[in-house]
Amino acid sequence: MKTWNDYKNHVKETDSKAYMDIQENECLANIISALIKQRNSLGISQRELAIMCNMPQSSIARIESFKTTPNIDTLLKIMKPLGLSLKVSEI
């Protein structure tokens, strides 16, 4: 049985665009997971976070369930009340 990393390596060798898509999605998943983890550790509901961010609760829910991809402005807006920041580094 192949692992996820085996599959990614295969895609990397055969389809560089698909590999870049995988990497992008993994990065986004890591960011969203960090948001959810921090929100939960602070004991903040989606509704409370939405109020802090002046946005609908449904938007927070769609982002957390990966039904929509937030733009950078929205990410920063959500991160601030959670005490998070975005760090950019070279791969």
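Now for a quick tour of the structure. (Residues numbered from 1 in each chain as written. Predicted model: local features only at pLDDT ≥ 70, side-chain atom pairs only at ≥ 80, totals over all residues. Heavy atoms only, no water.)

1. Some points on the side chain of Glu-64
Item 1. Tracing the sequence through the fold places Glu-64 in helix α4 (residues 57–64).
Item 2. A polar atom in the side chain of Glu-64 sits 2.7 Å from the side chain of Arg-39. (Helix = DSSP H or I, 4+ residues; strand = E, 2+ residues; numbered from the N terminus. Polar contact = N/O pair within 3.5 Å; in protein donor to acceptor, adjacent residues only side chain to side chain.)

2. Some thoughts on unusual backbone geometry
Item 1. The phi torsion at Asn-54 lies on the positive side, around 55°, for a residue other than glycine.
Item 2. Topologically, Asn-54 is positioned in the loop between α3 (46–53) and α4.
Item 3. In this structure Asn-54 comes out as exposed when scored by relative accessible area, which is 69%.
Item 4. Despite not being glycine, Phe-66 has its phi angle at roughly 60°, a positive value. (Buried < 20%, exposed > 50% of the residue type's maximum accessible area, 1.4 Å probe, protein only.)

3. What to know about the environment of Ile-63
Item 1. Turning to its location among the elements, Ile-63 is positioned in helix α4.
Item 2. Of the residues examined, Ile-63 reaches a relative accessible area of 4% and is grouped as buried.
Item 3. Taking the C-alpha atoms as reference points, Ile-63 and Leu-35, 28 residues apart in sequence, are found 9.9 Å from one another.
Item 4. For Ile-63, the contacting residues outside a window of four places in its chain are Ile-32, Thr-68, Pro-70, Thr-74 and Ile-78. (Contact = heavy atoms within 4.5 Å.)

4. Focus on the side chain of Thr-74
Item 1. Take Thr-74: it is sitting in helix α5 (residues 72–82).
Item 2. Residue classification places Thr-74 among the buried residues on the basis of a relative accessible area of 19%.
Item 3. Excluding residues within four positions of it along the chain, Thr-74 makes contact with Met-55 and Ile-63.

5. Thoughts on the nonpolar core
Item 1. Grouped together as the largest cluster of nonpolar side chains are 14 residues, with contacts concentrated most on Ile-32, Leu-35, Leu-49, Ile-60, Ile-78 and Leu-82.
Item 2. Of all the secondary structure elements, the ones that give two or more residues to this core are α2 (16–41), α3, α4 and α5.
Item 3. Residue contributions to this core peak at four residues, all from α5. (Core = buried A, V, L, I, M, F, W, Y, C linked by side-chain atoms within 4.5 Å.)

6. Quick look at the packing of α3 against α5
Angle between the axes and distance between the axes: these two values describe a pair of packed helices.
Item 1. Where α3 meets α5, the axes come as close as 9 Å, and the angle between the chain directions of the two elements is 110°. As far as their axial angle goes, α5 and α3 are roughly perpendicular. Facing α3, whose interface residues are Leu-49, Met-52 and Cys-53, α5 presents Lys-77, Ile-78, Pro-81 and Leu-82. (Axes fitted to C-alpha atoms, helices over the stretch in contact; angles between N-to-C directions. Parallel < 35°, antiparallel > 145°, perpendicular 65-115°, else oblique.)

Function-wise, these values are silent; they only describe arrangement.
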